[in-house]
Structures are given as C-alpha cells and as structure tokens.
Amino acid sequence: MNEDVFDTQVTEKHLEVIGVNPIPKESRTHSPGKIFNFWAMASASATTPLIGLLLAGTGLWNMVLVITIALVIGIIPAGLFSNMGRQIPLSALVVSRKTYGYWTSNGLSLLYTFVNLGWFGVNDATGGEILALLTHSSPVIWFIVIGILQILLVMFGLKWLEYFYRYTSILLIVVYAILTYYLITLFHVNFGALTAQTVPINWGIDINLVLAFSILSWTYKISTATRFAKPETRNEKNGQNCIFYSSPYWNNSSCIFNGHNRLRIKYLCRELESCGSFIPC
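Since we're looking at a predicted model, the values are computed, not measured.

The next subject is the pattern of salt bridges. Taken as a whole and assessed by the stated rule, the structure comprises one salt bridge. The closest approach of N and O atoms between glutamate 162 and arginine 166, which form a salt bridge, is 2.7 Å. Taken as a pair, glutamate 162 and arginine 166 lie in helix 9 (residues 158-186) at a separation of four residues, close to a single helical turn. Residue class for arginine 166 comes out partly exposed when judged on its relative accessible area of 28%.

Turning to a nonpolar patch on the surface, a few remarks are in order. Residues Val140, Ile144, Ile148, Ile151, Leu152 and Met155 make up a contiguous nonpolar surface patch of roughly 540 Å² in combined accessible area. Along the polypeptide, methionine 155 turns up in helix 8 (residues 139-156). Assessed through its relative accessible area of 41%, methionine 155 is described here as partly exposed.

Okay, the side chain of threonine 180 next. Mapped onto the secondary structure, threonine 180 falls in helix 9. Here threonine 180 falls in the buried class, since its relative accessible area comes to 16%. Of the polar contacts made by the side chain of threonine 180, one reaches the backbone oxygen of tyrosine 176; its length is 2.8 Å.

Summed over the entire model, instances satisfying the criterion amount to six aromatic pairs. An angle of 70° between the planes, with centres 5.3 Å apart, marks the rings of phenylalanine 38 and tyrosine 165 as edge-to-face. Placement of phenylalanine 38 in helix 2 (residues 32-42) and of tyrosine 165 in helix 9 is noted, with a sequence separation of 127 residues between them. The exposure class of phenylalanine 38 is buried, given its relative accessible area of 12%. Residue classification places tyrosine 165 among the buried residues on the basis of a relative accessible area of 16%. Ring plane angle 15° and centroid distance 3.9 Å describe the contact between tyrosine 112 and tyrosine 220, whose orientation is recorded as stacked. With tyrosine 112 in helix 7 (residues 102-135) and tyrosine 220 in helix 12 (residues 215-226), this pair connects stretches of sequence that are 108 residues apart.

What follows is about the packing of helix 4 (residues 60-87) against helix 11 (residues 203-213). Following both chains from N to C, one finds helix 4 and helix 11 inclined at 65°, their axes separated by 9 Å at the closest point. Remark: the crossing between helix 4 and helix 11 carries right-handed chirality. Touching Asn62, Leu65, Val66, Ile67, Ile69, Ala70, Ile73 and Gly74 of helix 4 are Trp203, Asp206, Ile207, Val210 and Leu211, all from helix 11. Its residues assigned to classes, the contact of helix 4 with helix 11 shows 10 nonpolar, two polar and one charged.

Basis of the calculations
- Residues numbered from 1 in each chain as written.
- Predicted model: local features only at pLDDT ≥ 70, side-chain atom pairs only at ≥ 80, totals over all residues.
- Heavy atoms only, no water.
- Salt bridge = Lys/Arg side-chain N within 4 Å of Asp/Glu carboxyl O.
- Helix = DSSP H or I, 4+ residues; strand = E, 2+ residues; numbered from the N terminus.
- Buried < 20%, exposed > 50% of the residue type's maximum accessible area, 1.4 Å probe, protein only.
- Patch = residues over 30% accessible without salt bridge, like charges linked within 9 Å, V, L, I, M, F, W, Y side chains within 5 Å.
- Areas by Shrake-Rupley, 256 points an atom, 1.4 Å probe, with all protein chains shown as cover.
- Polar contact = N/O pair within 3.5 Å; in protein donor to acceptor, adjacent residues only side chain to side chain.
- Phe/Tyr/Trp six-rings, centres within 6.5 Å; stacked < 30°, edge-to-face > 60°.
- Axes fitted to C-alpha atoms, helices over the stretch in contact; angles between N-to-C directions.
- Left-handed = near helix turned anticlockwise from the far one by under 90°.
- Contact = heavy atoms within 4.5 Å.
- Nonpolar A, V, L, I, M, F, W, Y, C, P; charged D, E, K, R; others polar.

What is shown is where atoms sit, not what they do.
What follows is the structure, given as structure tokens:
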C-alpha cells in the first residue's frame, strides 16, 4: 500500500474521513490475501461457534453437511458483492440507492447501525467475560478496554483494522491450537456421541440458521471491504478474479472448525460439571 497516497486521499490525521465516498483508484491496493484474512478474523465472532452448540443434536457429520449446503447457497451473493466492491468502490448501501431509492437505503443504513451497535455489545461482553475469567479480574475493566479498542479501530478505519487483524490472526491460531490440544489430550471426547443424531433434522431451518449466523449476515458489508481491493481490469486473469471472488467464503467455511470445537467444549463442560466444577457453557 502506498501509505502516503492513502493517508492523503482516505485519512486525515490518521483518522479515516472518506466516509461513503468512492475510494480513489490509487488507494485501492488490498490483495486477495488481505481480504481473506479480514473475513477470516471477522468470522471469529462470539456467535459463530454457537452453531456447533445449536446443531449439536443433529450429529457432527449432518452438521458438516448442513454447513456445506449453506456454503454452496451463499457462494453466489457473497461472491457478487465481493466483486462489486472492486468494480464500484462504494458501500453496498450506497449502491442500493440506485435500486431502492435514497430514503429506503438510508432507512436500511439506520437499521444496520443499531444492528452493529448490538454486535459491538455482544463481542465486548463476550471478550470481557473471557478475559476476566483468565485474569481473575472484574469483567467491567475489560468491557471498558475492549469498548475503547473497538471505537478506536472504527475511527482509524480499514488501514489500521487490517493491521490489527493481520497480527492478531497469529494469536487466534495459537489459541485455537492450544484449545484443541487441551480438549483432546486432557479430556475424553466421546466421538460416538458427537456423531450421533439425537434430534430430528429440519434442513430448511438448520441451513437458514447457518446462513443467518455467518455469510449472509455479512454479505451487505463485503463490498465495504473490497472497495479497498485492487480494481478489476479487462486483462485480469480468471484465476486472480476467482481468488478475489472467493476470499470472503472463509466466513462461512470456518463455521465447520469453530462449530466442531464448540461441540467438544459442550462435552468438556459436561465433564467438568460432573466433577463439581462450574463453567457457564
């Protein structure tokens, strides 16, 4: 990224001030890898692992099948929104004014503003509770710290958010690796129970659950990130176009890994409860 050009066109005193205006061509430099990492980290939210808990009764293999079907369904809209950001460097809710009109699009923007405030609160509360348990301290302290961090990242914009995601992704991988090793080596996992179906499968509702918790809930935001990506060109190779097209799909496919871990955590909690320990799972 040409930081001098980016700072001149998109930011002012390091704060992102471009708002919903088109991103200048010189500042559109994000590679497929950066877009992929952006959505990989975004998918590591508080609710994504809950899919494993909510679909636990369907059995592991049925859950994987449900997630795979949802992924196939979500590929088209997510990919189109991803590429739209490269063709038209605007947020989807600005582009939608052409179809739905100015007031309808602004109404949707207002609605999503409150939705995003809710997600801020959910992620703040979840992260604060986890850090409080790990440090044996008051969660209020962490609520404040995480809240301030989220606000600062929004104010500084995509440039610093991408930096944050890039380097904390290493921490995320390490934490998940430790958690997986800990669960497998120290606690007995009944794989028969994990794969057994204990409740009837309602395919429509279950597939809709996965889509609502993952890729479709993020679709309208995808072009907000890819508007910073390298513009599409006529001479572009099909392979490169497909990489950009598929970069956001991690947001859905990671549900398989996260959901699997959440299933194991559920059985871990049962083990601990039977020993008299209490962990709110």
